[in-house]
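Architecture at a glance
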Amino acid sequence: MSGAQPEKSRGCEGKAVCALLLATSMFALLRPTALHAQETELRGEVSESAILSDQQRKARQLALAARGRVPTNAAQDNALARTYLPASAGAVPDDTDTGDATATGSVFDPPGATDDTSADTAAPPKPRRRSSTAGQNAADQARDKAADKSKKKKSTAAATDITASTTASTTDASDSAGTDEETANRRALTIDSADKQKLDPGAERTNAIEGQKKKPEDDPFAATGVKWGSFVIRPTIEQGLTATSNGDSSNAGKSALLSETALRFSAASDWRENSATIDGYGLFRETVSGYPVHNEQGRIEGQLNVDLDNELRAIAKLGYEAVPESASSPDAIAGVSKQPLRQTVDGSLAVEKHVGKMQYTLTGALSHDFYGDARLSNGTSLSQKDQDSTLYTATLRTGYEISPALTPFTEIEVGRRAYDQRIDNEGFERSSTRLGARAGLALDMGEKLSGEFSAGWLREAIDDKDLDAISGATINADLKWSPERGTTIGLTGRTTVEPTTTANESGDILYSGRLTAERRIRANLTGNAALGLDWRDYVGIDGHDRILSAEAGMTLWLNRYAGLTTRVRTEKLTSNLPGRDYTANSIFLGVKVQR
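Residues numbered from 1 in each chain as written. Predicted model: local features only at pLDDT ≥ 70, side-chain atom pairs only at ≥ 80, totals over all residues. Heavy atoms only, no water.

1. Overview of the overall build of the protein chain
When helices and strands are tallied, the protein chain shows five helices and 24 strands. Expressed as a percentage of its 595 residues, the buried residues of the protein chain come to 27%. A sequence separation of at least 24 residues applies to 56% of the contacts in the protein chain between residues at least 6 apart. In the form shown here, the protein chain has an accessible surface area of approximately 38,400 Å², with 56% of it arising from carbon and sulfur atoms. (Helix = DSSP H or I, 4+ residues; strand = E, 2+ residues; numbered from the N terminus. Buried < 20%, exposed > 50% of the residue type's maximum accessible area, 1.4 Å probe, protein only. Contact = heavy atoms within 4.5 Å. Areas by Shrake-Rupley, 256 points an atom, 1.4 Å probe, with all protein chains shown as cover.)

Here it is as structure tokens:
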């Protein structure tokens, strides 16, 4: 009995071992993927983003290595990478090289060791059935050999960790030194670095005036002017020679070569609100050879515009003129060596008021003429004091603005001409009363067309009953038309009452018309032309004068300040009165200087 019991217990142990082996085999068959993944070093699928990130990281590391710099974090990653050590012996091939312990950080590198307890652990080796004592001894020897290899691997991993730590420390020191060197050698900021910063659009610096594209000047050869106080003065001087067929434009005039000097200037204020202008000229003619001529004349006038209140404006004018009596004038004295000098002082004050589309203007004016003595051929002088007179006028103008370009108007004028000598040398009372009315149209179309024209009737009744009143139609115009840029055509017309002190004569009415054209041929070349027609109608006698004139000129500017100028002129007077006809032709050549 006692001998049979051990055999039965060994049979039971054999059955238990077989059952355990069978269960282990079934468990191994149910999980073959994990063991295969352990051999092929694959843990699952890898996304494309991970592959791309890995490639970019490797490219950066290669670029830094080419420049002799290795990032610190890369060294640390290499230092922390450990060789994967399975928990049981025999899970990896025996010929694993320790040099692969250092990982490159790629997702394709062999998996490294980790201390994470949650990581998958290699499955234990498949148990083998020990059929004999020799097989058991062989298994024990295999386990001892695997243990020795594991100890060697652990020693190699520890040495690798020490080497990696040393390398990381060296890399950190190198990077720190490189960083310090880079900081020490950093380029200093430039002085204008703050100006190059992007500013707020509202605070950007504007460009310099010199750097901007300049707008081309309308007239590059126009006078620039001279600043004097609050005025800009533009002076001009013209000097040249005139060859004429009639020195003094008279019936007895002869040819002569004259030296002619003309001085002109204009001044305009640059005030903010009101404005003022001053214009003047002086003309001097002297004989160089031929018929004797000594002529000096000039005029200066100023205008002041003041805005008094809303839609209320005041305009003041003042002028002075000195002109010798013309040899072709009806009051010219025959047989004198020098005609008397006529001086005129005139002034006016006007007030303009706009009420809606209605425009009202009230103007008061005076003009005083006083004459010098005439110098006779025998050296004596003849007084002309009986011609001194003063004209006072008051004019009321009413206009209605149909549009900004068209304003029809009417004017009523009353006045009085008073002679300083109530009874002249011939015994006549020359003072008179003046009355006139006009209607016209004012145009304002900008540079294209501007000005005004009017027509009416004017009458001056002389106090002396033996003298007829001077009366007649009046025509006045002042228009400027620009058909194209650089071309200006002007039309002026004026009606003037000319009193006289000739015995038994009242005077005459002079109608003057002038058509002018100016063309800028080139920027430095200007041409001009003019046609004139004057008609003088005598009162009290059957007499009239007709004066035709034509003129053409050209100015070539050498620069903004100097140029050459020339003009040709012809004038012819035809009269039904004896001793008044004449013809005068002339040509002028000179230089013109302006500032």
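2. Considerations on the sheet that holds strand β9 (residues 336–338)
Here we have three strands laid out as an open sheet, ordered β9-β12-β13, and antiparallel in their pairing. Edge positions in the sheet fall to β9 and β13 (381–382), since each has one partner strand and no second. In terms of strand pairing, strand β12 (residues 374–376) meets β13 through two bridges, oriented antiparallel. Across the sheet, the residue bridging to A374 is L382, located in β13. (Pairing = 2+ DSSP bridges.)

3. Overview of the pattern of salt bridges
Tallying each qualifying case throughout the model produces 26 salt bridges. Between R567 and E238 there is a salt bridge, with its nearest N and O atoms 3.1 Å apart. Taken together, the residues span a long stretch of sequence, with R567 in strand β23 (residues 562–575) and E238 in strand β4 (residues 231–244) at a distance of 329 residues. For R569, the salt bridge is made with E551, and the minimal N-O distance between the two is 3.1 Å. Here the residue R569 occupies a position in strand β23, and E551 occupies one in strand β22 (residues 544–557), the gap between them amounting to 18 residues. Connected via shared salt-bridge partners are R397, E411, E413, R417, R434, R438, E452 and E460. (Salt bridge = Lys/Arg side-chain N within 4 Å of Asp/Glu carboxyl O.)

4. Section: the nonpolar core
Core analysis: the biggest nonpolar cluster contains five residues, these being L458, I470, V497, I509 and V539. Contacts of I470, omitting those with residues within four sequence positions, involve L458, R459, E460, V497, S506, G507, D508, I509 and V539. (Core = buried A, V, L, I, M, F, W, Y, C linked by side-chain atoms within 4.5 Å.)

5. Focus on the environment of D464
Mapped onto the elements of the fold, D464 is located in the loop between β17 (449–462) and β18 (470–481). The contact partners of D464, leaving out residues within four places of it in the chain, are G427, F428 and E429. Here the side chain of D464 touches E429 through a polar contact of 3.2 Å, landing on its backbone nitrogen. At a separation of 3.0 Å, a polar atom in the side chain of D464 contacts the main-chain amide nitrogen of D466. (Polar contact = N/O pair within 3.5 Å; in protein donor to acceptor, adjacent residues only side chain to side chain.)

6. Notes on the pairing of strand β21 (residues 525–539)
In the sheet, strand β20 (residues 507–522) pairs with β21 via 15 bridges, with the strands oriented antiparallel. Note on β21: the bridge partner recorded for R522 is L525. Taking the residues between adjacent antiparallel strands as the criterion, β20 and β21 are bridged by two residues. Of the pairings in the sheet, the one linking β21 to β22 comprises 13 bridges and is antiparallel in character. Along β22, the bridge assignment pairs N528 with G553. Hairpin connection, β21 to β22: the antiparallel pair is bridged by four residues, and G540 has positive phi, about 95°.

7. Regarding the side chain of D386
For D386, the location among the structural elements is in the loop between β13 and β14 (389–400). Here the side chain of D386 touches N425 through a polar contact of 3.2 Å, side chain to side chain. Once residues within four sequence positions are removed from consideration, D386 is found in contact with Y419, Q421, D424, N425 and T501.

8. Re the pairing of strand β6 (residues 275–290)
Here strand β5 (residues 256–269) runs beside β6; their pairing, made up of 13 bridges, is antiparallel. Pairing of R264 across the sheet is with Y281, part of β6. Joining the antiparallel neighbours β5 and β6 is a turn of five residues. The sheet contact formed by β6 and strand β7 (residues 294–309) spans 12 bridges and is antiparallel. Bridged to R285 within β7 is N295. Where β6 folds back on β7, the antiparallel hairpin that results is connected by three residues.

9. Notes on the packing of aromatic side chains
Within the structure shown, the criterion is met by one aromatic pair. Pairing F231 with W271 gives two aromatic rings, centres 5.7 Å apart and planes at 75°, and the pair type is edge-to-face. Taken together, the residues span a long stretch of sequence, with F231 in strand β4 and W271 in the loop between β5 and β6 at a distance of 40 residues. A relative accessible area of 16% means that F231 is categorised as buried. For R567, the ring lying beneath its charged end belongs to F588, and the centroid distance is 4.2 Å. (Phe/Tyr/Trp six-rings, centres within 6.5 Å; stacked < 30°, edge-to-face > 60°. Lys NZ or Arg CZ within 6 Å of the ring centre and 35° of its normal.)

10. Things to note about the environment of A262
You can see A262 is positioned in strand β5. Counting along the chain gives 25 residues from A262 to I237, while the straight-line C-alpha distance between them is 5.8 Å. Ignoring any residue separated from it by four or fewer positions in sequence, one finds A262 in contact with T236, I237, E238, G282 and L283.

11. Remarks on unusual backbone geometry
The residue S249 is not glycine, and still its phi comes out positive at about 55°. With respect to the secondary-structure elements, S249 resides in the loop between β4 and β5. One non-glycine residue, N504, lies in positive phi territory at about 65°. Tracing the backbone through its elements, the reader meets N504 in the loop between β19 (487–499) and β20. On the accessibility criterion, N504 (59% relative accessible area) is exposed.

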